[in-house]
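Residue-level structural notes
Spelled out from the first residue to the last, the chains are:
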Amino acid sequence: MDEKMILVKSLKLHQVVFMGLAWMTPMIFFTVYGVAFEAADGMMAAAYLTAFIAIIFTAYSYSRMVKAYPIAGSAYTYTKKAIHPKVGFLVGWALLMDYIFSPIIAILTFGIFMNMEFPAVPIFVWIIIMNIVLAVVNIVGIKSAARVSGISVSIQVGFIVLFCVLIAKDILTGNTEASSLFSLAPFLGDNVQLGAVFTGAALICFCFLGFDAVTTMAEETIDPKKTIPKAIFLIVIIAATMYIAISYLTQIAYPNFTFVNADNAAYSLVVMVGGNLLSSVFIMVLIVATFTQGVASVTSVSRFLYALGRESILPKKLFTTLHPKYKTPASNILFVAVISMSAVFINLNTAVMFVSFGALTAFTFVNLSVIAHYYIKLKKRSPVETILYLVFPLLGASFIGWLLTLLDTHTLTAGGTWLAIGFVYLMIKTGWAKKAALSPVKETQLEKTM
């Protein structure tokens, strides 16, 4: 690869925040509402608050590691450099599952909702169209993706604010079961089941995915050591504020809300709050949201593949090629588009399963990487530094690791199988590289790449 062909630093703080929120998709609250409601036994506000507490420690760890290594690669890079290259590979392998399946979720969801609006057009047609558009937008350049993300996030936040205002109005006018806007029942009610709250939090962590994805854009961000950490915390806080606010208001306004089908529970809730007009707006906003989630997801996974290619984990010639005009990883984007065609036949639950396992695994090891890098290697062990570089990341690793164990058996089995495949690939690759090594210099290079 031509050494002059590098990723261009062009993103500012607000653009990174919009990209992260677009990847996260604020409207994800509604798409997983029914499933999350059942998992948390209705205690949505408590579950989101619990997930936020777990995530904020992890967000802190990401902010520390991006300062140490402001390059693309995310959890893979951090674990590789802070703990061990082989451990880093397995974490990257798990994270690859997260990133690869995220565009599939967006594309499939887009196809499903477009098919609901236009039943005459098959889902697979929308999937093909979505793939082509996502590829073009991302190849043209990351600044165009950032602009699209900014518009989409603004629309989504606007809808969420409108939704909350309508519920608050109904509460204040006595049109709901709530007598006041203020209540501790959603967090400390008599019917709170801690087991259900934690189970719900494990699933709800999926709704915060996005803050970690912006670390893959470090090489395209202006002053990444300052910008990315700020963006990480802004993304998490903004998302948590929206999720907890909606959960709180819906819980106190409609404590006896029930639904038949978890997949469309949010639609029933929206109809109850704003009638057919609001539900029509809801569908359109959701379609826009899934589209821009796809844009942001493809952006992130293409940069992650770029990092793996540069490290020779994946074929270097293929995954580090940049477009001569737009300076974007065009071959990676096209590769993702081909893989995302599996949305034609894959099950949405399966895709979500892979994303959840990969993300929680990566989060756990990013927390551990802070301890390995700062506390152990750099010996930052003063009383304050011990809190910052041992206690905080240890709390994050423990909390996220525990939530990982709360995922269902099928998810853990599938995730474990994926890691086993990665381990075999690592052993084969390492074995081939050792056999091909003709000199001590090449062995040293192997140690650097693996």
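Everything here concerns the structure above.
Read on for an overview of the structure. (Residues numbered from 1 in each chain as written. Predicted model: local features only at pLDDT ≥ 70, side-chain atom pairs only at ≥ 80, totals over all residues. Heavy atoms only, no water.)

Per the stated rule, a full pass over the model turns up 30 aromatic pairs. An angle of 65° between the planes, with centres 4.7 Å apart, marks the rings of F198 and W402 as edge-to-face. With a gap of 204 residues between them, F198 in helix α10 (residues 194–204) and W402 in helix α16 (residues 383–405) connect regions that are remote in the sequence. For F198, a relative accessible area of 22% puts it in the partly exposed group. (Phe/Tyr/Trp six-rings, centres within 6.5 Å; stacked < 30°, edge-to-face > 60°. Helix = DSSP H or I, 4+ residues; strand = E, 2+ residues; numbered from the N terminus. Buried < 20%, exposed > 50% of the residue type's maximum accessible area, 1.4 Å probe, protein only.)

With that settled, the discussion passes to the nonpolar core. In terms of nonpolar packing, the biggest core is built from 147 residues, with F30, Y48 and F163 touching the most fellow members. Ignoring any residue separated from it by four or fewer positions in sequence, one finds F30 in contact with F159, I160, F163, I246, A266, V270 and F282. (Core = buried A, V, L, I, M, F, W, Y, C linked by side-chain atoms within 4.5 Å. Contact = heavy atoms within 4.5 Å.)

So, on to unusual backbone geometry. Not every positive phi belongs to a glycine, and D41 is a case in point at roughly 55°. When you line up the elements, D41 lands in the loop between α3 (33–39) and α4 (44–68). The backbone of K379 sits at a positive phi, close to 55°, despite the residue not being glycine. Tracing the sequence through the fold places K379 in the loop between α15 (348–377) and α16.

Here we take up a nonpolar patch on the surface. Nonpolar side chains collect at one region of the surface, where F124, I128, I132, V136, V140, Y326, V344 and F345 lie side by side and expose about 740 Å² of accessible area between them. Checked against the element boundaries, V140 lands in helix α7 (residues 123–140). Given a relative accessible area of 39%, V140 falls into the partly exposed group. (Patch = residues over 30% accessible without salt bridge, like charges linked within 9 Å, V, L, I, M, F, W, Y side chains within 5 Å. Areas by Shrake-Rupley, 256 points an atom, 1.4 Å probe, with all protein chains shown as cover. Salt bridge = Lys/Arg side-chain N within 4 Å of Asp/Glu carboxyl O.)

This part takes up the side chain of T250. By the secondary structure assignment, T250 is in helix α11 (residues 224–253). Judged by its relative accessible area of 5%, T250 falls in the buried class. Within polar-contact distance, the side chain of T250 engages the backbone oxygen of S247 at 3.1 Å. In this structure, T250 is in contact with F163, I167, P255 and L269, ignoring residues within four places of it in sequence. (Polar contact = N/O pair within 3.5 Å; in protein donor to acceptor, adjacent residues only side chain to side chain.)

Turning next to the packing of α4 against α10. For any two helices packed against each other, one specifies the crossing angle of their axes together with the interaxial distance. For the pair α4 and α10, the least separation of the axes is 8 Å and the interaxial angle reads 60°. In this view, α4 runs oblique relative to α10, as classed from their interaxial angle. The interaxial crossing formed by α4 with α10 has right-handed handedness. Residues A46, A47, Y48, T50 and A51 of α4 pack against V197, F198, G200, A201 and I204 of α10. Each residue belonging to the contact of α4 with α10 can be placed in one class, and the counts come to eight nonpolar, two polar and no charged. (Axes fitted to C-alpha atoms, helices over the stretch in contact; angles between N-to-C directions. Parallel < 35°, antiparallel > 145°, perpendicular 65-115°, else oblique. Left-handed = near helix turned anticlockwise from the far one by under 90°. Nonpolar A, V, L, I, M, F, W, Y, C, P; charged D, E, K, R; others polar.)

So, about the environment of A231. Position of A231 among the secondary structure elements: in helix α11. Contact partners of A231, with chain neighbours within four places excluded, come to L13, V16 and V17.

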